[in-house]
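Below are the chains, spelled out letter by letter.
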Amino acid sequence: MAAAQGAGSSSAGPSGLPSSAPGHSSSSTAVAVWEWQDEFGRWRPYRGNVCSYIEQIIQASQQKGRRSGSGLVSSIPLGRADPTLAPYVIDIPSLTQFRQDTGTMRAVRRHVFPGDSAAGQGVMWEWQNDDGGWSPYEMNVCVFLEQAHATNHQRVDLGPLGYNYEVDFVAQVQTNKTTRFRRSVQRRLDTPYPVTTSTTPLHTGVGCSCQQCWPNSGTGPITTRYRHSMTNFPNSSTTHQVPGRTASVSSSSVGFVPYNKPALTGARSTPRLNAQSALVLAQTGSLNTALAASNGVSAQTLPVKMSKPSRVNQALAATPTEPESVVKKYLEELKGTPADEDCMICMEKLSSSSGYSDSCQSSTIRPEAVGRLRNCQHSFHMLCVLAMYSNGNKDGSLQCPSCKTIYGEKTGTQPKGKMEISTFPQSLPGHKDCGTIRIVYHISRGIQGPEHPNPGMPYTARGFPRYCYLPDNEKGRKVLELLKVAWKRRLIFTVGTSNTTGESNTVVWNEIHHKTEMDSNLSGHGYPDPNYLDNVLAELAAQGVTEDCLGQ
């Protein structure tokens, strides 16, 4: 939903509907809905066919376990259900969605709803976002709305579900009870969610405190990947929204997809940023007079320009990027009988051949070869690692699918552009003791290179230049230096499909959040936000950009 300010009215819902957050139901027929949690703390359902695939894998694993005594499957690659989800793997023990090429982790959960609910019937309720597309309500809200619709209610209050909204079925609008801002809503039929025989208590509404509602914390470099201070609790079921217009989360044109392949879209709503490729800091160190900022402040600017040839290109040229060479550089082939465990990439036993032996061929790596990463000691089929590397950026680096350890220097696919940095004395909300650092990213449209989704095709660059802000204090300056490193490594932007507009072949964010507003945090893209600097440091670390890089 576009905007909510915490829990809304505590008034009772329509007659016949629960007047508070619904809990469990005793119905015997049920459907399973898997959801992932976005950066705003909202739960987004995977599409019905993806949920069916997840359920099938788990059921097959349970049956296999009963026969052989082995444990439940540890990971599920989503690309086999939907090619657009190829970079994503669900880690079952930690209930975490892991993106293999960026290291991004998001919480996932499984909810069970009655078979006669909206989920079981394939009914989706959606609200119209600022770009004219349609974004889905959370599944518990869909169930609540469908129940009211089926019982001929003309209006329903979403306050019991923690939203400051009313929905008018006759006018087909959602109204913010505080600001009276209205949005269109619609009811749409989609693929029904899979029937389950699970004996887990059924959910008919928002998550409670039972085990299936409160997933374990994810493991890896980022344990709290929640961008904004108001949504910094992974297990919160309350959706926070601003009182007026805000940016959208996703549109129905791309379905309920966390991010579109290839692993590029970090579109975080307000599309005020994007950026470019392998830029290198200017060697001259000279200061140029900056253009006046959008707020009228004029400051001195240190340009970050692309030299020819760029250091990034030189670094890539010096790195062994032949896929077999990279795999053998970071994995040590194991001799003898491998451990009786699954390969996390293909889900086959390490003692059997790689599950990618039919689709990935190599003259130097045998299908049954097992390798162990040299630092973290995690083991995989070497052919599986080869397939994973070949499907990514092929920049000479690897990232362990299990613990997310990065081997080598990770680089991205950011197009060519310019990064400008300036300072001015005006303070940001929450940082009254210092001035402000302004970053301006410039990028122009161009032609996609071999590292992009559609080589040779044009790409667009919407909304440039993009202005971003940091507090000019010690931690803000450290973030700035790390952002310079990320810029040089082409990690801040990429070319892909915008989650905001649905446009493909365009420059989009790549998992490193920026603050694009100075004076308010209504949309979550401004200040004050006491957790932002720590969160962005964690996001940079997940890309392999840490303080250790500053001395290089």
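Calculation criteria
- Residues numbered from 1 in each chain as written.
- Predicted model: local features only at pLDDT ≥ 70, side-chain atom pairs only at ≥ 80, totals over all residues.
- Heavy atoms only, no water.
- Core = buried A, V, L, I, M, F, W, Y, C linked by side-chain atoms within 4.5 Å.
- Buried < 20%, exposed > 50% of the residue type's maximum accessible area, 1.4 Å probe, protein only.
- Helix = DSSP H or I, 4+ residues; strand = E, 2+ residues; numbered from the N terminus.
- Pairing = 2+ DSSP bridges.
- Axes fitted to C-alpha atoms, helices over the stretch in contact; angles between N-to-C directions.
- Contact = heavy atoms within 4.5 Å.
- Phe/Tyr/Trp six-rings, centres within 6.5 Å; stacked < 30°, edge-to-face > 60°.
- Lys NZ or Arg CZ within 6 Å of the ring centre and 35° of its normal.
- Polar contact = N/O pair within 3.5 Å; in protein donor to acceptor, adjacent residues only side chain to side chain.
- Parallel < 35°, antiparallel > 145°, perpendicular 65-115°, else oblique.
- Left-handed = near helix turned anticlockwise from the far one by under 90°.
- Nonpolar A, V, L, I, M, F, W, Y, C, P; charged D, E, K, R; others polar.
- Expected span 1.5 Å × (residues − 1).
- pLDDT = per-residue confidence, 0-100.

Draft legend 1. Main features of the nonpolar core. Counting residues in each nonpolar core, the largest one holds 45 residues, and the members touching the most others are Tyr-137 and Leu-158. Top element by residues in this core is helix 3 (residues 139–150). It accounts for seven residues. Of all hydrophobic cores here, the second largest spans 39 residues; its members include Val-440, Leu-482, Trp-509 and Leu-533.

Draft legend 2. How the structure looks around the sheet that holds strand 11 (residues 165–168). Read across the open sheet, the six strands follow the order 9-8-13-12-11-10; overall the sheet is antiparallel. A strand with exactly one partner marks an edge of an open sheet, and here the two such strands are strand 9 (134–136) and strand 10 (155–157). The mean inter-strand angle of the sheet, taken between neighbouring strand axes irrespective of direction, is 30°. Against the sheet, helix 3 touches strand 8 (123–128), strand 10, strand 11 and strand 13 (182–189), its axis set at about 105° to strand 8.

Draft legend 3. Examining the packing of aromatic side chains more closely. Applying the stated rule across the entire model yields seven aromatic pairs. Here the aromatic rings of Tyr-527 and Tyr-532 are separated by 6.2 Å at their centres, their planes lie at 90°, and the arrangement is edge-to-face. The buried category is assigned to Tyr-532, whose relative accessible area is 2%. When the ring centre of Tyr-356 is taken as reference, the NZ or CZ atom of Arg-80 above it lies at 5.7 Å. The cationic tip of Lys-404 hangs over the ring face of Phe-98; the distance from NZ or CZ to the ring centre is 3.9 Å.

Draft legend 4. A look at the side chain of Asn-176. Topologically, Asn-176 is positioned in strand 12 (residues 173–176). At 3.4 Å, the side chain of Asn-176 forms a polar contact with the side chain of Asn-164.

Draft legend 5. Structural context of the pairing of strand 8. Most of strand 8 is tucked away, with five of its six residues classed as buried. Two strands pair when backbone bridges link them, and strand 8 and strand 13 are joined in this way by five bridges, in the antiparallel orientation. What sits directly across from Met-124, in strand 13, is Arg-188. Both strand 8 and strand 9 contribute to a ladder of three bridges, which runs antiparallel. Bridge pairing links Trp-127 to Ser-135 in strand 9.

Draft legend 6. Seen up close, the packing of helix 7 (residues 474–488) against helix 8 (residues 532–542). Between helix 7 and helix 8, the shortest axis-to-axis distance is 10 Å and the interhelical angle comes to 25°. Considering their axes alone, helix 7 and helix 8 lie roughly parallel with respect to each other. Two packed elements cross with a definite hand, and for helix 7 against helix 8 that hand is left-handed. The residues of helix 8 that touch helix 7, namely those facing Lys-475, Gly-476, Lys-478, Val-479, Leu-482, Leu-483 and Ala-486, are Leu-533, Asp-534, Val-536, Leu-537 and Leu-540. Counted by class, the contact of helix 7 with helix 8 contains eight nonpolar, one polar and three charged residues.

Draft legend 7. Main features of helix 3. With 12 residues, helix 3 extends 16 Å from end C-alpha to end C-alpha; this agrees with the ideal 16 Å at 1.5 Å per step. Burial analysis of helix 3 places nine of its 12 residues in the buried class, which makes it a mostly covered element. Restricting attention to buried positions, one finds in helix 3 the residues Met-139, Asn-140, Val-141, Cys-142, Val-143, Phe-144, Leu-145, Glu-146 and Ala-148. Asn-152 sits one or two residues past helix 3 and shows a positive phi near 65°.

Draft legend 8. Spotlight on the environment of His-431. In this fold, His-431 is placed in the loop between strand 23 (417–424) and strand 24 (436–443). Taking relative accessible area as the criterion, His-431 reaches 14% and is therefore assigned buried. With 42 residues separating them along the chain, His-431 and Asn-473 place their C-alpha atoms 8.5 Å apart. Among all residues touching His-431, those that are not within four sequence positions of it are Pro-471, Asn-473, Tyr-527 and Leu-533.

Draft legend 9. Spatial organisation of the packing of helix 5 (residues 323–330) against helix 6 (residues 382–390). Orientation of helix 5 relative to helix 6, taken along the N-to-C sense of each, is 125°, at an axis distance of 9 Å. The orientation of helix 5 with respect to helix 6, classified from their angle, is oblique. Of the two elements, helix 5 crosses helix 6, and the hand of that crossing is right-handed. Seen from helix 5, the contacting residues are Pro-323, Glu-324, Val-326, Val-327 and Lys-328; seen from helix 6, they are Met-382, Val-385, Leu-386, Tyr-389 and Ser-390. Classifying every residue of the contact of helix 5 with helix 6 gives seven nonpolar, one polar and two charged.

Draft legend 10. Fine view of unusual backbone geometry. A cis amide bond, omega 0°, links Phe-464 with the succeeding residue Pro-465. Cis peptide bonds are those with omega within 30 degrees of zero, and the linkage from Tyr-527 to Pro-528 qualifies with 5°. Within the fold, Pro-528 resides in the loop between strand 29 (506–509) and helix 8.

Draft legend 11. Expanded view of the pairing of strand 2 (residues 30–37). Taking burial as the measure, the eight residues of strand 2 include eight buried ones, the bulk of the element. Across the two faces of strand 2 the burial is the same, with Ala-30, Ala-32, Trp-34 and Trp-36 and Val-31, Val-33, Glu-35 and Gln-37 all buried. Bridge analysis of strand 2 against strand 7 (residues 105–114) gives seven bridges, and the strand direction is antiparallel. Across the sheet, residue Ala-30 finds its bridge partner in strand 7, namely Pro-114. Where strand 2 meets strand 14 (residues 195–196), two bridges bridge the pair, whose relative direction is antiparallel. Considered in strand 14, the bridge of Ala-30 is made with Thr-196. Across three bridges, strand 2 lies against strand 3 (residues 43–45) in antiparallel orientation. Within strand 3, the residue paired with Glu-35 across the bridge is Pro-45. In this structure, the hairpin formed by strand 2 and strand 3 is closed by a connection of five residues, where Gly-41 is found at a positive phi of approximately 85°.

Draft legend 12. View of the sheet that holds strand 20 (residues 379–381). Pairing is antiparallel in the open sheet, where three strands are placed in the order 18-19-20. Each edge of the open sheet carries a strand with a single partner, namely strand 18 (331–333) and strand 20. Neighbouring strand axes in the sheet, compared pairwise and without regard to direction, differ in orientation by 40° on average. The pairing of strand 18 with strand 19 (residues 370–373) spans three bridges and is antiparallel. The partner of Leu-331 across the bridge, within strand 19, is Leu-373. Strand contacts of helix 6: strand 18, strand 19 and strand 20, with the helix running at about 80° to strand 20, the strand carrying the most contacts.

Draft legend 13. Inspection of the confidence of the model for the protein at higher detail. In the predicted model, the protein carries a mean pLDDT of 73, and 70% of its residues have values of at least 70. Strand 16 (residues 288–289) is the least confidently modelled element of the protein, averaging 30 in pLDDT, while helix 7 averages 96, the highest of any element. Counted against residues more than four places away or in other chains, residues 1–16, with its pLDDT under 50, gives 64 contacts. With pLDDT under 50 throughout, residues 18–26 is counted as low confidence; its partners more than four residues away or in other chains account for 29 contacts.

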